[in-house]
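# Structural overview
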Amino acid sequence: MHIAVKIVAATITAALVAVGGAAAWLIHTKQPVRSGTMALQQLTAPVSVDYDERGVPHIRAQNEPDLYRALGYVHAQDRLFQMEMVRRLANGELAEVLGPKLLDTDKLFRTLGIRAKAQDAATKLDPAAPVTVALLAYLDGINQYQAGHPPPLEFNILKIPKRPFTPQDTFAVSGYLAYSFAAAFRTDPPLTYIRDKLGPDYLRAFDLEWHPEGVIDQSAAAAPTPRTSAMALGAQDWKALSQLAQLSQSALDAAGVPVFEGSNAWVISGKRTASGKPLLAGDPHIGYSAPAVWYEAHLTAPGFDLYGHYQALNPLALLGHNAQFGWSLTMFENDDVDLVAEKPNPANPNQVSIGGQWVDLTTRVETIKVKGAAPVQLAVRSSPHGPIITDAFKDNFGSTPVAMWWAFLQTENPILQAFYELNRADTRDKARSAAEKIHSPGLNVLWANTAGDIGWWAAAKLPIRPAGVNPTFILDGSTAEADKAGFYNFNFNPQEENPARGYIVSANNQPKPSSGVPVPGYYCLADRVQRLDSVLRDPDRKWDTAGAQALQLDGRNGYGPRILKDLMPILKSVTTDPYQKAFLEPLDLWDGDYSRDSMAALLFTQLMYELAHAAMADEMGDVQFKNLIRTFALDSALPLLVADAKSPWWDNVKTKQVESRFETVRVAWVNTIKHLESVYGKDLLKWNWGTAHTLTHAHPLGQQQPLDLLFNVGPFKVAGGRETPNNLNINMGPAPWGVKSGPSTRRVIDFAQPDKSVGINPVGQSGVLFDAHYADQAPFFAEGLYQPQYLSAADVKAHTKSTLTLTPGR
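Since this is a predicted model, take the numbers as computed values, not measurements.

What counts as what
Residues numbered from 1 in each chain as written. Predicted model: local features only at pLDDT ≥ 70, side-chain atom pairs only at ≥ 80, totals over all residues. Heavy atoms only, no water. Helix = DSSP H or I, 4+ residues; strand = E, 2+ residues; numbered from the N terminus. Rg over C-alpha atoms; globule rule 2.2 N^0.38 Å. Buried < 20%, exposed > 50% of the residue type's maximum accessible area, 1.4 Å probe, protein only. Contact = heavy atoms within 4.5 Å. Areas by Shrake-Rupley, 256 points an atom, 1.4 Å probe, with all protein chains shown as cover. Lys, Arg positive; Asp, Glu negative; His and termini not counted. Charge placed at Lys NZ, Arg CZ, Asp CG, Glu CD. 1 Å grid on protein atoms, 1.4 Å probe; cavity = no way out; pocket = protein on both sides within 12 Å on 5 of 7 lines; lining within 4 Å. Points joined across faces, edges and corners; volume = space filled by probe spheres on them. Nonpolar A, V, L, I, M, F, W, Y, C, P; charged D, E, K, R; others polar. Phe/Tyr/Trp six-rings, centres within 6.5 Å; stacked < 30°, edge-to-face > 60°. Salt bridge = Lys/Arg side-chain N within 4 Å of Asp/Glu carboxyl O. Core = buried A, V, L, I, M, F, W, Y, C linked by side-chain atoms within 4.5 Å. Polar contact = N/O pair within 3.5 Å; in protein donor to acceptor, adjacent residues only side chain to side chain. Pairing = 2+ DSSP bridges. pLDDT = per-residue confidence, 0-100. Axes fitted to C-alpha atoms, helices over the stretch in contact; angles between N-to-C directions. Parallel < 35°, antiparallel > 145°, perpendicular 65-115°, else oblique. Left-handed = near helix turned anticlockwise from the far one by under 90°.

## Here we look at the overall build of the protein chain
A tally of regular secondary structure across the protein chain gives 28 helices and 30 strands. For 810 residues, the compact-globule estimate of 2.2 N^0.38 gives 28 Å, and the C-alpha radius of gyration of the protein chain, at 26 Å, lies within 12% of that figure. Considering the protein chain as a whole, with its 810 residues, one finds that 61% of them fall into the buried category. Taking all contacts inside the protein chain whose residues are at least 6 apart in sequence as the whole, residues at least 24 apart take part in 72%. In the structure as shown, the protein chain presents an accessible area of about 29,200 Å², 55% of it carried by carbon and sulfur atoms. Looking at charge distribution, the protein chain has the averaged site of its 73 positive side-chain charges lying 3 Å from that of its 81 negative ones.

This is the structure we're talking about:
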């Protein structure tokens, strides 16, 4: 535990003692109970819950309904506040407990339609289906815990009333999961602005083409430039869309709920491993928080055994393994959201032009409760393309209605059934069939089994868009470019099974589908997957668990050296001051490794921000520039910009003279040194990556001082960096940098010994303050260490620290 947290905790403890034992007892009653006997209604037989040294429950039941009811109970006692926050975010109900400052967030999520979609899905549940039985039993376990125990401390602080959890909440959270993947909200407005307001000369700095050859082997030519049409948007409309882009991100930041960002995963066939069996490695990249997003649990019942990683309000493991098979996930990053500018009828604002006809908009009314204020009525209009997302903020946004077409709203999306099957997918056919049922969000499923099979399926419903249309830009709803001709069959999706090369790697990169069907998306920088592939492709290497761990912790990529190859000659020619010249040497020798002692990583990261700001902020304006630096598009743009001496971005449009690449690079370099001196002084021992690059796991209440000292976990100095395999990611900006997202777990399973798998939780199993497992894994995670994931009965027994027995209640 961080020393400041220890001090604050000790102070609070002393205060509690001073005011009497009653307050201390109140805190005690909120702690998880991991031993003894508890009665649970509707159990048909006793269930044992063995807790290991990390607080992971190993649950043994006689049937699946009892198993999932017990999971809900133990999950709730560790993570009830997390469950409450994520359901309120997804349903648009945060203002009810957090006040008017979260009203815009609620408006956004109500407008997205997640709540309405979840209500509809809940009414269509088949009560006899095994997945429904599992869901209802799990939710009943949560509700029994909540009803029979004091609320979490956070409930008391925020005055949150207890309310049963429902299937609607589970489906709404799956909608939040899909929304957090959608990069269109922050990417489409700034790129459309560049295209329509600045022009094609500015746009050529951005790599927006589909690469039919993939990004690991770039020997072929790029595809033709996609067809797009300019939108007739006014200045107020651009202001509106830039505000929407900011709100989509700030909504998630304000709620303190983790955002899904990226991921690494690879599977290696037995012919390339030391053990002769497949090896699976995975580390999904998600925003850091306290508690962490994953809850680990090992479930055992007759005919079923799975060590899984679970999310709040979901009874099914999204990551898992057992003695026969296992899988991991990465974010597909396919573009399943189109922003569509509608053409309203001048004579009737509730009509828009579709296919040459005026079509009526539909309207639903949402009531949002606000703490300390009157309820707010929100009228949500929808066109045939989807909800009018700009309606939620009429007072601030422009006159052009912008609709959102979203695959999540347009597909059946039986994602719970998909993961129910994936939790039991011991053959390739079963795994493939399960992946086919994932419609939105897009997920890469990487899978292996002890029989020797490996596979990858890019799971999503891919829309059939008109030829040549680029959905990276805002589309014109009055033309055919926003139309969809349906969805491709699953066999057109990118996928591989048992490839001859003996491995499959996925890192949010643009894939190379064998079908040849382009898949537009907001793919991450190719340098990360290229680094992974360059190591994995060594034909003479025999992989084992230690080797996979080392690759997960690798902090190097080719991005920095790639940019510096073109940039260093310019820096050397424009830098004349001897003091500033001395800082060029670390950059000149840098191999792209973001180690904690690296000065070059510090200099390069600050320089990239200063370069982007000096080149682009004048044309974009503050709001659009802030939106742009939160996108992956800028990562790909900077190498192209640096290599293009004639790019119009180099000129500062706010000055009379025309600046060149040399002058703008000089300004960026001077500002780099100036800023780092202002932060770290001239003591060069402080000029290192570890000092500037730190990880703090923030709790929702930790946004308020001094509660941050109590609830937050960290900071920790960490290696790794943006788009390296150890992708401890930061937002582009000036130093210092707080890590925003990264590996949400690191797992390695060698199927020669699946019971000896290893993993790590970034924080701890528990979300209950003062519990022993609130932050016990955070220091190990920061140092790149792993912990065993016990699977065999013998290992579970040997490492059991306490046992909770759940018995049938009367």
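There is more to say, and it comes next.
## Side note on the layout of surface pockets
As a volume, the largest pocket reaches approximately 1,100 Å³. Along the walls of the largest pocket sit 47 residues, with L208, E209, W210, H211 and Q510 positioned nearest its centre. It is helix α23 (residues 632-643) that provides the largest number of residues to the lining of the largest pocket, a total of six residues. Here the residues of the lining of the largest pocket sort into 29 nonpolar, twelve polar and six charged.

## With respect to the packing of aromatic side chains
Geometry of an aromatic ring pair is reported as the spacing of the ring centres plus the angle between the planes. Going through the model one piece at a time under the given rule, you end up with 17 aromatic pairs. Judged by centre distance (5.5 Å) and plane angle (85°), the ring pair of Y73 and Y145 falls under edge-to-face. Pair noted here: Y73 is in helix α3 (residues 64-91) and Y145 is in helix α7 (residues 130-148), with a separation of 72 residues, a long-range link. The interplanar angle of 85° and the centroid separation of 6.2 Å between the aromatic rings of Y559 and F604 together place this pair among those described as edge-to-face. Here F604 lies in helix α21 (residues 599-620) and Y559 lies in helix α18 (residues 559-574), a separation of 45 residues in the sequence.

## Some words on the pattern of salt bridges
A full pass over the atoms with the stated rule returns 40 salt bridges. R60 is paired through a salt bridge with D50; the nearest N and O atoms lie 3.1 Å apart. With R60 in strand β3 (residues 57-60) and D50 in strand β2 (residues 47-51), the pair connects residues that are ten residues apart, well separated along the chain. The residue R722 makes a salt bridge to D635 at a minimum N-O spacing of 2.9 Å. Taken together, the residues R722 in the loop between β24 (713-717) and β25 (737-738) and D635 in helix α23 connect sequence positions 87 residues apart. Comparing R722 with D635, the two get one shared label, buried.

## Side note on the nonpolar core
Formed by 191 residues in total, the largest nonpolar core has its most connected members in F206, F419, M616 and W649. If one sorts the elements of this core by residue count, α21 sits on top with 15 residues. Among residues more than four places away in sequence, those in contact with W649 are I194, L198, Y202, A205, F206, A615, M616, E619, M620 and L641. Among the nonpolar cores identified, the runner-up in size contains 19 residues, and I268, A281, L532 and V748 belong to it.

## Observations concerning the environment of T170
Tracing the sequence through the fold places T170 in helix α9 (residues 167-181). Taking relative accessible area as the criterion, T170 reaches 4% and is therefore assigned buried. Each C-alpha atom, one on T170 and one on S757, is 29 Å from the other, the two residues being 587 residues apart in sequence. Non-local contacts of T170, meaning those with residues more than four positions away in its chain, are made with L135, L139, L313 and L416. Separated by 2.8 Å, the side chain of T170 and the backbone oxygen of L313 make a polar contact.

## Considerations on the sheet that holds strand β13 (residues 357-360)
The antiparallel open sheet is built from three strands, whose spatial order is β11-β12-β13. Pairing within the sheet leaves two strands with one partner each, and these edge strands are β11 (344-345) and β13. Sheet analysis places β11 next to strand β12 (residues 348-354), joined by two bridges and oriented antiparallel. Paired with P344 across the bridge in β12 is V352.

## Remarks on unusual backbone geometry
With an omega dihedral of 5°, the bond running from S440 to P441 counts as a cis peptide bond. By the element assignment, P441 lies in the loop between α15 (428-436) and β18 (443-449). With omega at 0°, the peptide bond leading from A735 into P736 counts as cis. Take P736: it is sitting in the loop between β24 and β25. Despite not being glycine, E723 has its phi angle at roughly 60°, a positive value. One can find E723 in the loop between β24 and β25. The class of E723 is buried, set by a relative accessible area of 1%. Unlike most non-glycine residues, F770 shows phi in positive territory, near 80°.

## Digging into the confidence of the model for the protein chain
Reading predicted coordinates in detail is not appropriate for stretches of low pLDDT. In this model, the protein chain carries a mean pLDDT of 91, and residues with pLDDT of at least 70 account for 91%. Here residues 1-9 is modelled with pLDDT under 50, and outside its nearest four sequence neighbours on either side it reaches eleven contacts, counting other chains as well.

## A few points about the environment of R556
As for its position among the elements, R556 is in the loop between α17 (545-552) and α18. Its relative accessible area of 28% is what places R556 among the partly exposed residues. For the pair R556 and R528, spaced 28 residues apart in the sequence, the C-alpha separation amounts to 8.5 Å. Beyond its immediate stretch of four places on either side in the chain, R556 contacts R531, D591, G592, D593, T724 and P725. At 2.9 Å, the side chain of R556 and the side chain of D591 are in polar contact.

## A short note on the environment of P152
With respect to the helices and strands, the residue P152 is situated in the loop between α7 and α8 (153-158). Note on P152: relative accessible area 14%, which makes it buried. Those residues in contact with P152 that sit more than four places away from it in its chain are K30, L80 and F81.

## Some remarks on the packing of α3 against α7
Where α3 contacts α7, the axes come no closer than 7 Å and their chain directions differ by 50°. In terms of orientation, α3 and α7 fall into the oblique class. Of the two elements, α3 crosses α7, and the hand of that crossing is right-handed. Contact with α3, carried on its side by P65, Y68, R69, L71, G72, Y73, H75, A76, Q77, L80 and M83, involves V133, A134, A137, Y138, D140, G141, I142, Q144, Y145 and Q146 of α7 and no other residues of that element.

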